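Descriptive structure summary
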Amino acid sequence: MKEAGDARRLQLNELDEIRNDAYESARIYKERTKTFHDKAIQRKTFQIGQKVLLFNSRLRLFPGRLRSRWYGPFVVTNVFPHDAVEIQNDKTGNIFKVNGHRLKPYYESFELGKESMHVDAPPPSIV
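Residues numbered from 1 in each chain as written. Predicted model: local features only at pLDDT ≥ 70, side-chain atom pairs only at ≥ 80, totals over all residues. Heavy atoms only, no water.

Within the protein, the regular secondary structure consists of one helix and five strands. Going residue by residue from the N terminus, the α and β elements of the protein occur as α-β-β-β-β-β. Working note: accessible area of the protein is about 11,800 Å², and carbon and sulfur atoms make up 56% of it. (Helix = DSSP H or I, 4+ residues; strand = E, 2+ residues; numbered from the N terminus. Areas by Shrake-Rupley, 256 points an atom, 1.4 Å probe, with all protein chains shown as cover.)

Listed below in structure tokens is the structure:
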């Protein structure tokens, strides 16, 4: 009976060691995947006076296939720590605070005709 009890205690200790190794390997795996994920994230920085577009995530029912979820442009009036940004609507003048992850920079449309360049067809190649 004593030998059976010792063998059982040995098996339980081995099981605890295997469980601890599994927890350790899971922790290492989670740390590696977190660092890989964090490297892929591009941080956005906004300056006061910059124009931005706001993502509307509430557009759920029948949004339309080609309807954009980006609204704007808005003007950044204040930048807070932890990616909070205060923006102002140019048309209505409303000011509100949003998460910076819901914003992206707005680039004004390019005006064609400012500078033009004439390109001639290439001469025929002689083979």
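There is more to say after this.
Within the largest apolar cluster, nine residues are counted, these being Phe46, Val52, Leu54, Phe74, Val76, Val85, Ile87, Val98 and Leu103. Only strand 1 (51-55), strand 2 (70-79) and strand 3 (84-89) provide two or more residues apiece to this core. Those residues in contact with Val85 that sit more than four places away from it in its chain are Phe46, Val76, Asn78, Phe80, Phe96, Lys97, Val98, Gly100 and Leu103. (Core = buried A, V, L, I, M, F, W, Y, C linked by side-chain atoms within 4.5 Å. Buried < 20%, exposed > 50% of the residue type's maximum accessible area, 1.4 Å probe, protein only. Contact = heavy atoms within 4.5 Å.)

What follows is about the pairing of strand 1. Two elements, strand 1 and strand 2, share four bridges in a ladder whose sense is antiparallel. In the strand pairing of strand 2, Lys51 is matched with Val75. In this structure, strand 1 lies alongside strand 5 (residues 103-105), joined through three bridges in antiparallel fashion. The partner of Leu53 across the bridge, within strand 5, is Lys104. (Pairing = 2+ DSSP bridges.)

Turning our attention to the pattern of salt bridges. Counted by the stated rule, this structure contains six salt bridges. Note that Lys34 is salt-bridged to Asp38, the shortest N-O span being 2.7 Å. You can see Lys34 and its partner Asp38 sitting in helix 1 (residues 2-40), four residues apart, about one turn around the helix. In the salt-bridge network here, residues are joined through shared partners; they are Glu24, Arg27 and Glu31. (Salt bridge = Lys/Arg side-chain N within 4 Å of Asp/Glu carboxyl O.)

Among the secondary structure elements, Gln50 is positioned in the loop between helix 1 and strand 1. In terms of polar contacts, Gln50 uses its side chain to reach the backbone amide nitrogen of Gln47, at 3.1 Å. Those residues in contact with Gln50, other than ones at most four positions away along the chain, are Thr45, Phe74, Val75, Val76 and Pro105. (Polar contact = N/O pair within 3.5 Å; in protein donor to acceptor, adjacent residues only side chain to side chain.)

So, on to the confidence of the model for the protein. Overall, the prediction assigns the protein a mean pLDDT of 86, with 87% of residues at 70 or greater. The weakest mean pLDDT in the protein belongs to strand 2 at 91; the strongest belongs to strand 3 at 94. (pLDDT = per-residue confidence, 0-100.)

A few words on the packing of aromatic side chains. Inspection of the entire model under this criterion finds two aromatic pairs. Both rings, one in Phe74 and one in Phe96, keep their centres 5.8 Å apart while their planes meet at 80°; by these two values the pair is edge-to-face. Taken together, the residues Phe74 in strand 2 and Phe96 in strand 4 (residues 95-99) connect sequence positions 22 residues apart. One Lys or Arg, Lys97, reaches over the ring of Phe80 and ends 4.2 Å from the middle of that ring. (Phe/Tyr/Trp six-rings, centres within 6.5 Å; stacked < 30°, edge-to-face > 60°. Lys NZ or Arg CZ within 6 Å of the ring centre and 35° of its normal.)

In this structure, Pro73 follows Gly72 across a cis peptide bond, with omega equal to 10°. Examined against the element boundaries, Pro73 turns out to sit in strand 2. With phi around 65°, Asp83 is a residue other than glycine that occupies positive phi space. Assignment of secondary structure puts Asp83 in the loop between strand 2 and strand 3.

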